[in-house]
Amino acid sequence: MHRRDLLRLLGLSTLAGAAGCSPASSASDVLGLTPRDAGAWAQAPDVDLVLTAAPGEVALLPGEPTRVWRFTGERLSGPADTLTALPDSYLGPVIRLRRGQRVRIRFVNQLAEDSIVHWHGLDVPEHADGHPRLAVGAGRDYVYEFTVTNRAGTYWYHPHPHMRTGAQVYHGLAGLLLVSDPDEDALGLPSGGRELLCVLQDRLVDSRNQLLYQGTMMEMMNGVLGDRLLVSGQVQPTRDVDAAWHRVRLLNGSNARIYKIAWSHDLPMIVIGSDGGLLERPLVQPTLTLAPGQRADLLVDLTAFAAGTDVRLESVAYPAEAAGGVGMMGGGMGRMGGMGETAALPQGAAARLMTLRVGATRGDAWAVPARLPSFDATWAPQPAAPVRRVPLRFQRMQWLLGDRTFAMEDVAADETVRAGSTHIWEFINMPNGMGMEAAHPIHIHGRQFRVLDRRGSDPANALREGIVDAGWTDTVLVLPGETVRVQVTFTPHPGLYLYHCHILEHEDMGMMRNFRVV
Ligand code: C2O
Ligand code: CU
Ligand code: CU
């Protein structure tokens with residue numbers, strides 16, 4: 001059956017028709033992108049979805065509804081659990097995929113501005129990566145086709161239009177994308193009601209319950225912070241849980257806030273996964289540093305708690321200087337919003353994120369698996385790989401990446417790599433003597449990479465102890481003064497890809513560059 005007919009059959013044509021959707025624009029025809037893998041698409045896809053971005057409303061706080069932008073999804077084909085809407089949340093549906101699936105997603109833009117969706121952490125062909133030059137206008141659509149090659153893990157999706165990523169994510173456009181595979185199945189990790197999906201975000205909300213995103217110069221330079229802490233779209237929620245082991249999957253979907261996460265009751269952080277899926281063995285540490293864009297997979301043992309106990313997930317206090325920023329000296333990052341009515345919670349302020357209220361149902365004793373799935377051969381250090389130095393610095397009121405700023409099609413010679421080749425990129429967070437240094441979570445599209453080492457770290461930096469470098473990652477936090485070397489085996493797909501700071505205002509301000517895979 002033709003897709004148009006299928007859409008009509010499912011009653012989606014009115015939706016698409018009202019927005020004046022043109023027939024699926026083939027980006028490969030229009031933009032001369034590398035052609036899709038025709039062989040893989042001889043049959044129907046395993047999963048076929050429609051994902052629409054549109055204005056909407058949610059009940060965020062008592063009183064007036066909050067106007068947001070949100071993703072909604074429709075499943076045309078694929079397993080029944082592929083899409084799960086999050087009740088009472090502006091977040092997009094949770095998309096569950098399996099490694100090996102061939103996926104087609106039609107993105108429908110019903111916003112009044114350009115947009116395009118990026119599948120953060122997935123290794124996909126160029127046409128499917130959501131580069132800002134592929135953004136489609138109001139009422140248009142864009143069709144993605146890719147095969148899931150990533151390991152089981154917690155990934156996510158969000159818009160990526162030129163200079164509007166921060167505003168669009170802030171207004172609600174984001175969602176989780178979970179990949180599963182047989183290696184993960186074999187571990188028998190807690191699931192169902194014992195798997196908690198937690199998207200950490202903060203928002204500045206005015207007295208009429210509306211989201212404030214002002215984009216002042218200071219906000220753009222330091223990143224936008226909120227006064228309300230949200231977990232999966234709800235303000236500091238309380239969730240009823242069994243007295244059992246739980247799997248807690250975290251995404252820092254905030255524009256700029258860095259969390260130093262800890263449990264109450266001196267429970268340890270048992271970390272089993274990072275951006276690119278499970279670690280090789282669990283890590284146990286007191287806190288977990290999670291920067292914008294990053295994910296973590298945790299286990300927590302609630303079996304010993306009496307019914308009625310409140311176990312809290314918190315962000316513990318750290319000095320704002322640990323994350324740095326412009327105008328930090330003698331100042332701090334608190335600033336006024338609205339008509340002076342609302343002030344953001346400063347970076348590093350302590351805050352409760354979520355409360356788990358333990359119930360009477362008890363889970364079985366369980367032991368954390370000592371070994372988790374092992375990594376492939378590309379994890380091994382390759383000391384002979386070419387090294388590229390990428391300074392991060394603030395100059396002339398701008399954050400620079402490799403001493404350059406973003407231009408839509410611009411690629412320098414040192415930003416050109418061969419498909420599947422391995423390189424070491426050295427991110428050097430440069431002191432500039434004026435106190436204008438910040439922690440930057442640097443994200444590379446395509447392949448997950450390995451953090452080789454960190455040098456020049458300030459041992460007193462309170463964020464340092466919580467950083468997990470033991471697993472595959474796609475977003476690495478580079479603290480002020482640090483030099484972090486990562487080893488990346490680039491995507492096998494040729495084309496134009498991005499790397500950038502994931503403080504979304506830094507990205508929008510140009511702390512982003514292309515690299516070309518040839
Ligand atoms: Cu999550 Cu290029 O971004
Ligand atoms: Cu990405
Ligand atoms: Cu940055």
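Scroll up to find the structure this text is about.
### A short note on the overall build of the chain
A count of helical and extended segments in the chain gives 7 helices and 35 strands. In the chain, the proportion of contacts linking residues at least 24 apart, taken out of those at least 6 apart, comes to 80%. For the chain, the exposed area adds up to about 18,800 Å²; of that, 53% sits on carbon and sulfur atoms.

### Description of the pairing of strand S20 (residues 310-315)
The sheet contact formed by strand S15 (residues 259-263) and S20 spans 3 bridges and is antiparallel. From the neighbouring strand, Ile261 faces S20, where its bridge partner is Ser315. By the bridge criterion, 6 bridges tie S20 to strand S24 (residues 351-362) in an arrangement that is antiparallel. Across the sheet, Ser315 pairs through a bridge with Ala351, a residue of S24.

### Description of the coordination of the copper ion (ligand 3)
Binding of the copper ion (ligand 3) to the protein goes through His440 (ND1), Cys501 (SG) and His506 (ND1), at separations of 2.0 to 2.1 Å. Counting along the primary sequence, the residues that act as donors to the copper ion (ligand 3) give the motif H-x60-C-x4-H. The pair formed by Cys501 and His506 is uniform in burial state, with each residue classed as buried.

### With respect to the sheet that holds strand S6 (residues 117-120)
Strands sit in the order S3-S4-S9-S8-S6 across an open sheet of 5 strands; the sheet is mixed. Edge positions in the sheet fall to strand S3 (83-84) and S6, since each has one partner strand and no second. In this structure, strand S4 (residues 94-98) lies alongside strand S9 (residues 175-180), joined through 4 bridges in parallel fashion. Paired with Leu97 across the bridge in S9 is Val179.

### Description of the coordination of the copper ion (ligand 2)
Coordination sphere of the copper ion (ligand 2), protein contribution only: His118 (NE2) and His443 (NE2), at 1.8 to 1.9 Å. Placement of His118 in strand S6 and of His443 in strand S30 (residues 440-444) is noted, with a sequence separation of 325 residues between them. Each of the two residues, His118 as well as His443, counts as buried.

### A closer look at the pattern of salt bridges
A side chain with one charge may pair with a side chain of the opposite charge, provided their charged atoms come close. According to the stated counting rule, one finds 39 salt bridges in the structure shown. Ionic pairing is found between Arg257 and Asp202, a salt bridge with its closest N-O pair at 2.8 Å. Placement of Arg257 in the loop between strand S14 (245-252) and S15 and of Asp202 in strand S10 (residues 195-203) is noted, with a sequence separation of 55 residues between them. Residues Arg257 and Asp202 agree in their burial class; the two are buried. A salt bridge links Glu415 to Arg388; the shortest N-O distance between them is 3.9 Å. One end of the pair, Glu415, is in the loop between strand S26 (398-401) and strand S27 (416-417); the other, Arg388, is in strand S25 (residues 387-395), with 27 residues separating them in the sequence. Through salt bridges that share partners, Arg96, Glu184, Glu195, Arg247, Arg249 and Asp297 make up one connected network.

### Brief notes about the nonpolar core
Counting residues in hydrophobic clusters, the biggest one holds 55 residues, and the most contacted among them are Trp425, Phe427, Ile444, Val476, Val486 and Phe515. Not counting the four nearest positions on each side in its chain, Val486 is found in contact with His423, Ile424, Trp425, Phe427, Ile444, Phe449, Arg450, Val451, Leu452 and Val476. Membership of the second largest hydrophobic core comes to 39 residues, among which are Leu196, Leu302, Leu372 and Val468.

### Some words on the sheet that holds strand S16 (residues 269-274)
Ordered by their spatial adjacency, 7 strands build an open sheet running S12-S11-S10-S14-S19-S16-S17, and the pairing between neighbours is mixed. Edge strands, defined here as strands with exactly one partner in the open sheet, are strand S12 (234-235) and strand S17 (277-285).

### Here's the deal with the side chain of Thr289
With respect to the secondary-structure elements, Thr289 resides in strand S18 (residues 288-290). Those residues within four positions of Thr289 in sequence are excluded, and the remaining contacts are Ile258, Tyr259, Gln294, Leu463, Gly466, Ile467 and Leu477.

Reading the values: rules and limits
Residues numbered from 1 in each chain as written. Chains lettered and ligands numbered in written order. Predicted model: local features only at pLDDT ≥ 70, side-chain atom pairs only at ≥ 80, totals over all residues. Heavy atoms only, no water. Helix = DSSP H or I, 4+ residues; strand = E, 2+ residues; numbered from the N terminus. Contact = heavy atoms within 4.5 Å. Areas by Shrake-Rupley, 256 points an atom, 1.4 Å probe, with all protein chains shown as cover. Pairing = 2+ DSSP bridges. Donors = N, O, S within 2.8 Å, 3.2 Å for Na, K, Ca; no water. Buried < 20%, exposed > 50% of the residue type's maximum accessible area, 1.4 Å probe, protein only. Salt bridge = Lys/Arg side-chain N within 4 Å of Asp/Glu carboxyl O. Core = buried A, V, L, I, M, F, W, Y, C linked by side-chain atoms within 4.5 Å.

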